[in-house]
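The residues making up each chain are set out below.
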Amino acid sequence: MILDTSKYLGKCACGREHTLRTKLVVCEYGALKSFDKYMDDCGLTGFRTVIYDTNTYNLPGITHIRADQEIVLEAKGLHSEKGLIEDCMKRFVRKPDYVVVVGGGTLMDFGRWSAWKLGIPFVAIPTIVSSDGFTADICSIIIDGQKKSIPMQAADAVICDMDVIAGAPMFLNIAGVQDILAKHVSIADWKIAHIVSGEYFCQKVCDMAQEALDIMDRCAHEIAAGKKPDLEAMAYTQMLSGLTMQILSNSRAASGAEHLVAHLVEMKPRGFENAHGLHGECVGVGTLMCARAYHKLAQRESVTVHPFVPIDEEWVRWEFGDLAEGILKENENDVLKTFDPQSIAEHWQEIRQVIAAIPSYEELNLLYADIGAKHTLEELGIDPAVEDSFLDISSAIRNRLTLARMTRLIEK
Ligand SMILES: [Zn+2]
Ligand SMILES: [Zn+2]
C-alpha cells in the first residue's frame, strides 16, 4: 500500500486548513529495494546519514540502503534520553541533508530530535509496527530525568518494508491491534465531547481514525479465525492513526479514557504498584473496562446532572499519594467547568447512540482471548479492586473531556 497524504491536505469542512509534513507512506514487501526512488519522489537529495542500532542493523530480511554515513548505535541500554541523542549527533561527520532512521519507536526519537535540532528532514524505516508513533510528530524523551512528550517534527516519509516487519514477534503485533481497537472508545469520547461541549471536531479526521479501526477490526477477526495476519493492512492502520495525530497536533482521535490505563501503569498510583505491560496491552484492558462502564451508563434512559464541583483534594491525596500535586495541577483548569452540565442530560439520547457503536465488553473480551491478547487486570499486575473506581481514577490524570470524566457531573 502506498499512501499519498496530499488527499488529506487543504481547506476542510471543519473550518481549518490541514497540513502534514509526511508526504509519503509506504507499507509493502520489498519496499527498501525502491528506497532511492521514494526519496526522489519526496525531493530528498544530498548527504544521507542512516542511523541503526546493533539489533536493527543485523535484522533478518533487512536491506541496507545506500548511505553517505552509517551510524550503528549499541542497542543495549539504548533509550530516548537527550544526552544519548546528543552523543549520537556528535558522531555526524558533517551536517546531513537528511537523516534516515532504521528501527522502532525509541530509535525514531534519535532521528526526530537530531533532525529538528539541525533543521533538516528525517525519514523513518520502521522495523516493527506495533504503534502509531511513526507518522506522528510527538517525541517522547527523557530530559533531566523527566519523561516528556513534546510535539516535534514528523517524518517526511515513512517506508515500511514488510519483509523486515514480518519478522517481529507476534505478541508485539497483537499489542498493536489493541492500540488501534482502542478507537472504539476514543472516537466515541471525541464525538460525545463535541456533542456536549462543542469541542472542535473534524469529520474527515474522524473518518481516518474510523478507517484504521474498521481495517484493524477485520484483521483481528481474521487472526481469531486462524487466518494468516494481514500485516500490510495492520501496518497501514498504524500509519493512518499517526497521521490523525499529526493533522490535529494532538491525540484526540486516537486516545480517550481507555488510553489512561497505560499512563497509570507508568505512574504507579494505589492499586497499580506492580503494574506492567506493553502500551497496547494496557490500552486493550482500558478499552474493555470503558466498554463495560459506558454500556452500563447507556442503559439509563435519562440522567440527572449536578453543578460542577472541583475534584476532591482529599480523595486525590489518598488515591495518588506522592503524585497528588501533579494531579491537582492537571485539574486546575478543569475542562468540566467549560460547559453547562445540563448539556449532558439534554443530549443523553445522542450520547447513548454513540455508545451503541462500541462493541460490548463480552464481544471484545472474546476477541482478545481468541487472538491471544492480554485482557484482564491481573495479567497486567493491576489490583482488580480498582475496577469500581476505574473511571474516576483514570479521568483524574488527564484534563481531556471524555465520558469517563463527565461521570463526575452525573448523579450516581
Ligand atoms: Zn478538518
Ligand atoms: Zn496508543
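Residues numbered from 1 in each chain as written. Chains lettered and ligands numbered in written order. Predicted model: local features only at pLDDT ≥ 70, side-chain atom pairs only at ≥ 80, totals over all residues.

**Concerning the overall build of the chain**
Part 1: The number of helices and strands found in the chain is 18 helices and 11 strands.
Part 2: Relative to its length of 412 residues, the chain is compact, with a C-alpha radius of gyration of 22 Å against a globular reference of 22 Å.
Part 3: With the principal axes as the frame, the chain shows a C-alpha extent of 65 × 45 × 45 Å.
Part 4: The burial tally for the chain puts 45% of its 412 residues in the buried class. (Helix = DSSP H or I, 4+ residues; strand = E, 2+ residues; numbered from the N terminus. Rg over C-alpha atoms; globule rule 2.2 N^0.38 Å. Buried ≥ 20, exposed ≤ 12 C-beta atoms within 10 Å, placed from the backbone.)

**Side note on the nonpolar core**
Part 1: Val 101, Val 123, Ile 159, Cys 160, Val 177 and Ala 235 are the most contacted members of the largest nonpolar core, which has 123 residues in total.
Part 2: Of the domains in this structure, domain 1 (2-165) and domain 2 (185-202 + 255-409) are the two that each give at least three residues to this core.
Part 3: Excluding residues that lie within four positions of it along the chain, Ala 235 makes contacts with Cys 27, Val 129, Cys 160, Met 162 and Ile 165. (Core = buried A, V, L, I, M, F, W, Y, C linked by C-beta atoms within 7 Å. Domains from an automatic or database assignment. Contact = placed C-beta atoms within 7 Å.)

**So, the pairing of strand β11 (residues 157-161)**
Part 1: Across the 5 residues of β11, 5 count as buried, placing the element largely inside the fold.
Part 2: Burial along β11 is two-sided: the residues Ala 157, Ile 159 and Asp 161 and Val 158 and Cys 160 are all buried.
Part 3: For strand β4 (residues 24-28) and β11, the ladder comprises 5 bridges, and the chain directions are parallel. Along β11, the bridge assignment pairs Cys 27 with Cys 160.
Part 4: When strand β8 (residues 122-126) meets β11, the two strands line up parallel, connected through 2 bridges. Counted as the bridge partner of Val 123 is Ala 157 from β11. (Pairing = 2+ DSSP bridges.)

**Digging into the sheet that holds strand β7 (residues 98-103)**
Part 1: Spatial strand order, β1-β4-β11-β8-β7-β5-β6: 7 strands in an open sheet with mixed pairing. Strands at the two margins of the open sheet, each flanked by one partner only, are β1 (2-4) and β6 (69-73). Taken over all neighbouring pairs, the strand axes of this sheet differ in orientation by 15° on average, direction set aside.
Part 2: Sitting on the sheet, helix α9 (residues 231-248) is in contact with β1, β4 and β11, with an inclination near 160° to β4. (Axes fitted to C-alpha atoms, helices over the stretch in contact; angles between N-to-C directions.)

**A word on the environment of Pro 384**
Part 1: In this structure, Pro 384 sits in the loop between α16 (361-370) and α17 (390-396).
Part 2: Between the alpha carbons of Pro 384 and Asn 365 there is a distance of 16 Å; along the sequence they are 19 residues apart.
Part 3: Other than its neighbours up to four places away in sequence, Pro 384 contacts Leu 377 and Glu 378.

**Some thoughts on the domain arrangement of the chain**
Part 1: On domain assignment, one finds that the chain holds domain 1 (2-165) and domain 2 (185-202 + 255-409).
Part 2: Averaged C-alpha coordinates put domain 1 and domain 2 at centres separated by 32 Å.
Part 3: Residue classes in the side of domain 1 that touches domain 2 are distributed as 2 nonpolar, 2 polar and 1 charged. (Nonpolar A, V, L, I, M, F, W, Y, C, P; charged D, E, K, R; others polar.)

**Quick notes on the environment of Phe 339**
Part 1: As for its position among the elements, Phe 339 is in the loop between α13 (324-330) and α14 (342-346).
Part 2: Its 18 C-beta neighbours within 10 Å are what place Phe 339 among the partly exposed residues.
Part 3: For the pair Phe 339 and Ser 197, spaced 142 residues apart in sequence, the C-alpha separation works out to 5.6 Å.
Part 4: When neighbours within four sequence positions are excluded, Phe 339 is seen to be in contact with Val 196 and Ser 197.

**What to know about helix α15 (residues 348-356)**
Part 1: By the burial criterion, the buried members of α15 are Trp 348, Ile 351, Val 354 and Ile 355. One face of α15 carries all of its buried residues, which in axial projection span an arc of 115°. Residues of α15 that are exposed and angled more than 90 degrees away from the buried face: Gln 349 and Ala 356.
Part 2: Buried-residue contacts for α15 involve α7 (183-197), α11 (279-298) and α14. (Arc of directions from axis to C-beta.)

**Digging into unusual backbone geometry**
Most peptide bonds adopt trans geometry, and most residues besides glycine take a negative phi value.
Part 1: You will see that Ser 249, though not glycine, has its phi angle at about 60°, which is positive.
Part 2: Inspection of the secondary structure assignment puts Ser 249 in the loop between α9 and α10 (260-267).
Part 3: On the basis of neighbour count, Ser 249 is assigned to the exposed category, with 12 C-beta atoms found within 10 Å.
Part 4: Even without glycine at this site, Lys 268 takes up a positive phi of about 60°.
Part 5: Note that Lys 268 resides in the loop between α10 and α11.
Part 6: Classification of Lys 268 as partly exposed rests on a count of 16 C-beta atoms within 10 Å.

**Considerations on the packing of α11 against α16**
Part 1: Direction vectors running N to C along α11 and α16 enclose 160°, while the axes themselves pass 9 Å from each other. Taken as axis vectors, α11 and α16 run roughly antiparallel relative to one another. With respect to the hand of their crossing, α11 and α16 are arranged in left-handed fashion. Between α11 and α16, the contacting residues are Gly 284, Thr 287, Leu 288, Ala 291, Arg 292 and His 295 on the first element and Tyr 361, Leu 364, Asn 365 and Tyr 368 on the second.
Part 2: Here the residues of the contact of α11 with α16 are counted per class, giving 5 nonpolar, 4 polar and 1 charged. (Parallel < 35°, antiparallel > 145°, perpendicular 65-115°, else oblique. Left-handed = near helix turned anticlockwise from the far one by under 90°.)

**Some thoughts on the environment of Arg 48**
Part 1: Counting through the fold element by element, Arg 48 comes out in strand β5 (residues 48-53).
Part 2: Among the residues examined, Arg 48 registers 21 C-beta atoms within 10 Å and is labelled buried.
Part 3: In this structure Arg 48 touches Ala 67, Asp 68, Pro 96, Asp 97, Tyr 98 and Val 100, once residues within four positions along its chain are discounted.

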